[in-house]
Amino acid sequence: MPSFLYLSLDMKDLLKYILIPSLIVSLGSCAAGKKDLSEEEVAIQEELASKFGNQEFLIYEKDTLLASKEVLDYYNDIEFAPIWIGENELTEKGEDMYAMVENARDFGLLPEMFDYSTLSKMKDSSLLDAEMILTNAFFLMSTHLSEGCIDSATYTYVWKKDELSYSITDDLDKVYLESTPASEVLISRQPKNWEYQQLQKGLVTFLDSFALDTNHFSIPAFKEDSAICYQAANEALHKHGFLDSTERTNDSIFIARLQEFQLLNGLKDDAVVGKWTGRALGKSNMDRFLQAALSMEKWKWKPDTLPEKYIRVNIPEFTLYFVDSNEVKRKHRVVVGAYTTQTPEFSAEMKRMVTNPFWHVPYSISSTEILYGVKKDSSYLRKKGYKIFKNGVQQDAAQVDWSKIRQGSFPYKVRQDGGGGNSLGRLKFLFPNSNFVFIHDTPSKRLFNNDVRAYSHGCVRLDQPFDLGKAMLTADAHEVPADTLDSIIVRGQQRVLELNDPFMVYIEYYTATGDSSGNVVFHPDIYNRDIKYLENSFKKFID
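Residues numbered from 1 in each chain as written. Predicted model: local features only at pLDDT ≥ 70, side-chain atom pairs only at ≥ 80, totals over all residues. Heavy atoms only, no water.

Student: Would you take a moment to explain the sheet that holds strand S9 (residues 393-395) for this structure?
Tutor: For sheets, the rule is that strands pair by backbone hydrogen bonds, running either parallel or antiparallel. One open sheet accounts for four strands, arranged S7-S10-S8-S9; its pairing is antiparallel. Of all strands in the sheet, those bounded by a partner on one side alone are strand S7 (359-361) and S9. With strand direction ignored, the average angle separating the axes of adjacent strands in the sheet is 40 degrees. Against the sheet, helix H14 (residues 363-376) touches S7, strand S8 (386-390) and strand S10 (413-416), its axis set at about 75 degrees to S7. (Pairing = 2+ DSSP bridges. Helix = DSSP H or I, 4+ residues; strand = E, 2+ residues; numbered from the N terminus. Axes fitted to C-alpha atoms, helices over the stretch in contact; angles between N-to-C directions. Contact = heavy atoms within 4.5 Å.)

Student: What am I meant to see in the pattern of salt bridges here?
Tutor: Opposite charge on two side chains makes pairing possible when the charged atoms of those side chains draw close. One pass over the structure, following the stated rule, counts 25 salt bridges. In this structure, Arg-189 and Asp-171 form a salt bridge, with 2.9 Å as the shortest nitrogen-oxygen distance. On the criterion of sequence distance, the pair formed by Arg-189 in the loop between helix H8 (182-187) and helix H9 (194-209) and Asp-171 in helix H7 (residues 168-176) is long-range, its members being 18 residues apart. Given a relative accessible area of 2%, Asp-171 falls into the buried group. Here Asp-377 ties to Lys-383 by a salt bridge, and the two come within 3.0 Å at their closest N and O atoms. When salt bridges with common partners are traced through the structure, they connect Asp-171, Lys-174 and Arg-189 into a single cluster. (Salt bridge = Lys/Arg side-chain N within 4 Å of Asp/Glu carboxyl O. Buried < 20%, exposed > 50% of the residue type's maximum accessible area, 1.4 Å probe, protein only.)

Student: How do you make sense of helix H6 (residues 127-147) when you look at a structure like this?
Tutor: Between its first and last C-alpha, H6 extends 30 Å over 21 residues, near the 30 Å set by a 1.5 Å rise per residue. With 21 of 21 residues buried, H6 lies mostly within the body of the structure. Looking one or two places after H6, you find Gly-148, whose phi comes out positive at around 90 degrees. (Expected span 1.5 Å × (residues − 1).)

Student: Before we go on, may I ask you to explain the packing of aromatic side chains in this structure?
Tutor: Between two aromatic rings, the relevant description is the distance of the centres plus the angle of the planes. By the definition in use, this model includes 27 aromatic pairs. Members of the aromatic cluster, connected to one another through ring pairs, are Tyr-74, Tyr-75, Phe-80, Trp-84, Phe-138 and Phe-139. Above the plane of the ring of Tyr-166 lies Arg-189, whose end atom (NZ or CZ) is 3.4 Å from the centre. Positioned above the aromatic ring of Phe-438 is the side chain of Lys-428, whose terminal nitrogen or guanidinium carbon lies 5.2 Å from the ring centre. (Phe/Tyr/Trp six-rings, centres within 6.5 Å; stacked < 30°, edge-to-face > 60°. Lys NZ or Arg CZ within 6 Å of the ring centre and 35° of its normal.)

Student: It is not clear to me how the layout of surface pockets should be interpreted in this structure. Could you clarify?
Tutor: Here the idea is plain: a probe the size of a water molecule rolls over the atoms and shows the empty space left. What the largest pocket holds in volume is close to 880 Å³. For the lining of the largest pocket, the secondary-structure elements that each account for two or more residues are S7, H14, helix H15 (380-384) and strand S11 (427-430). The element that contributes the greatest number of residues to the lining of the largest pocket is H14, accounting for four residues. In terms of residue class, the lining of the largest pocket is made up of 16 nonpolar, 14 polar and six charged. Lining of the second largest pocket is provided by 31 residues; of these, Glu-317, Thr-319, Tyr-321, Lys-331 and His-523 occupy positions nearest its centre. Taken together, the elements giving at least two residues each to the lining of the second largest pocket come down to H9, strand S4 (319-324), strand S5 (327-337) and strand S16 (512-514). With four residues, S5 is the largest single contributor of residues to the lining of the second largest pocket. When its residues are assigned to classes, the lining of the second largest pocket shows twelve nonpolar, ten polar and nine charged. (1 Å grid on protein atoms, 1.4 Å probe; cavity = no way out; pocket = protein on both sides within 12 Å on 5 of 7 lines; lining within 4 Å. Points joined across faces, edges and corners; volume = space filled by probe spheres on them. Nonpolar A, V, L, I, M, F, W, Y, C, P; charged D, E, K, R; others polar.)

Student: Please clarify how the side chain of Asn-433 should be interpreted in this entry.
Tutor: Tracing the backbone through its elements, the reader meets Asn-433 in the loop between S11 and strand S12 (439-440). Overall, Asn-433 belongs to the buried group, its relative accessible area being 18%. For Asn-433, the side chain forms a polar contact with the main-chain oxygen of Phe-431, separated by 2.7 Å. Engagement of the side chain of Asn-433 in a polar contact is seen with the backbone oxygen of Val-437, the distance being 2.7 Å. Asn-433 has contacts with Phe-346 and Ala-348, leaving out every residue within four places of it along the chain. (Polar contact = N/O pair within 3.5 Å; in protein donor to acceptor, adjacent residues only side chain to side chain.)

Student: Explanation requested: the confidence of the model for the protein in the structure shown.
Tutor: The predicted coordinates should not be examined in detail at positions where pLDDT is low. Within the protein, residue pLDDT values average 92, and 94% of them lie at 70 or more. In this model, residues 1-32 is a region of pLDDT below 50 whose contacts with residues beyond four sequence positions or in other chains number 36 contacts. (pLDDT = per-residue confidence, 0-100.)

Student: Please explain the pairing of strand S3 (residues 310-314) as it appears in this structure.
Tutor: Within a regular strand, side chains alternate between the sheet's two faces. Judged by how many residues are buried, S3 sits mostly within the fold: five of five residues are covered. Where burial is concerned, the two faces of S3 agree: the one with Tyr-310, Arg-312 and Asn-314 and the one with Ile-311 and Val-313 are both buried. Hairpin remark: S3 followed by S4, antiparallel, with four residues in the connecting loop; positive phi at Phe-318, about 55 degrees. Of the pairings in the sheet, the one linking S3 to strand S15 (residues 496-508) comprises five bridges and is parallel in character. Opposite Val-313, over in S15, you have Ile-507 as the bridge partner.

Student: I'm lost on helix H4 (residues 92-102) in this one. Help?
Tutor: Since the α-helix turns once every 3.6 residues, residues separated by three or four places project in the same direction. If you check which residues of H4 are buried, you get Lys-93, Gly-94, Met-97, Tyr-98, Met-100 and Val-101. For H4, the angular spread of the buried residues around the axis is 155 degrees, confining them to a single face. Next to the buried residues of H4 lie helix H5 (116-125), H6, H7 and H8. (Arc of directions from axis to C-beta.)

Shown next as structure tokens:
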């Protein structure tokens, strides 16, 4: 008998001895998914086989572990050798994996997705069960970090095991056979793009700085009672952890903390408790965490690599990024659709630019706003540079009896001539799409000074559009030199500049982003789109 099998041969131990040979055949063959076990590991192996060898599912507190079949299949393959546990405690591998579950929030996930409450109990009372729960957690976390955990069609929590491009059992083999730390294997499965990486680092900074309180507040309007408004703001900052009890009566510190809070929430740091600052104060830190978690989730739905050149508009951030050669070349403020005329999320290919463009007014606008304007003022069309057409033929607006024209039967197409007063400004960027959305200049420059910029009919209004146009021409190696764009526009020429190398435009909705300083920035959920994703996914795991 090999020395590591010497056991006291009473009846109980004799039965153990009889079972062992069938469990440890070919343990020395790593290529076959096995490895040499210590005497302690062999004893644990036997106990695991005895307890779980005939089970079809792993059920704890009436809930079946989501990956229970895959877990049991894996242990059958390795003949129930332990991965995470020793005789009396978790091994170093086990503690590493336990820490990944405990700190799941650092990666935009929740510990309870991995049965953390049950795991923490079993860690102290039943290591055999802890072994199974940790492996279940490994399989789920690997997938959640790579592919996400929300079905984008049904908005429900799912395990996306069928979407993987790699083997989770191969990943676990790295831990079991090669002794690679589970944390290293799992973290490597996160998206590699810089936007995700910055956001993840920023979330860790936020979690290290603030507790995830669940306090909600209703902040009175400043205009109604400024004193009560700021008292409520002071209380909210205190409960959210931005203002400690010794600072609450110091006005200058309170103002400084309020400004820091505004910057963290993507708002102008003017210390004015307006509509959006009030809404941000009303949210809990848990709400903010969920914004970051959902934004990280959405990055996992993207391809592993983005094109070298693209434009990305993040609606809640009111910002456009032009990326070329994997580097942000331009960053612009934008105005997006109002709540009633929301900018949709989609992607399309940027094809061309048009200088001094006409505006072909959508029927939804011409039959309402423009009709209303001309009914009030017969010179409205002339003042705004609008022309009306019927069956392709221009009509004399002065000859129309506007009192008889109704919204439901508006018979004209309306076009606004190009020029400085045109609603599209002097330059528009076209990426054909079924939403009829494009990016354009605007004569209403003052709106770019606001922190929350949701005013348009759905298109994206761009600050400093000529600079973006020049950057695009340069990146495109276009035959029209970038430095001539200004003169073309100033001369009033209408030109269509077709790009030699069209590229993708992504119109997206992320309510949390990371900056290059390692901080997270939360943005207002202006269209209330986050809740549909969170209600039947992340919120299921929060008491």
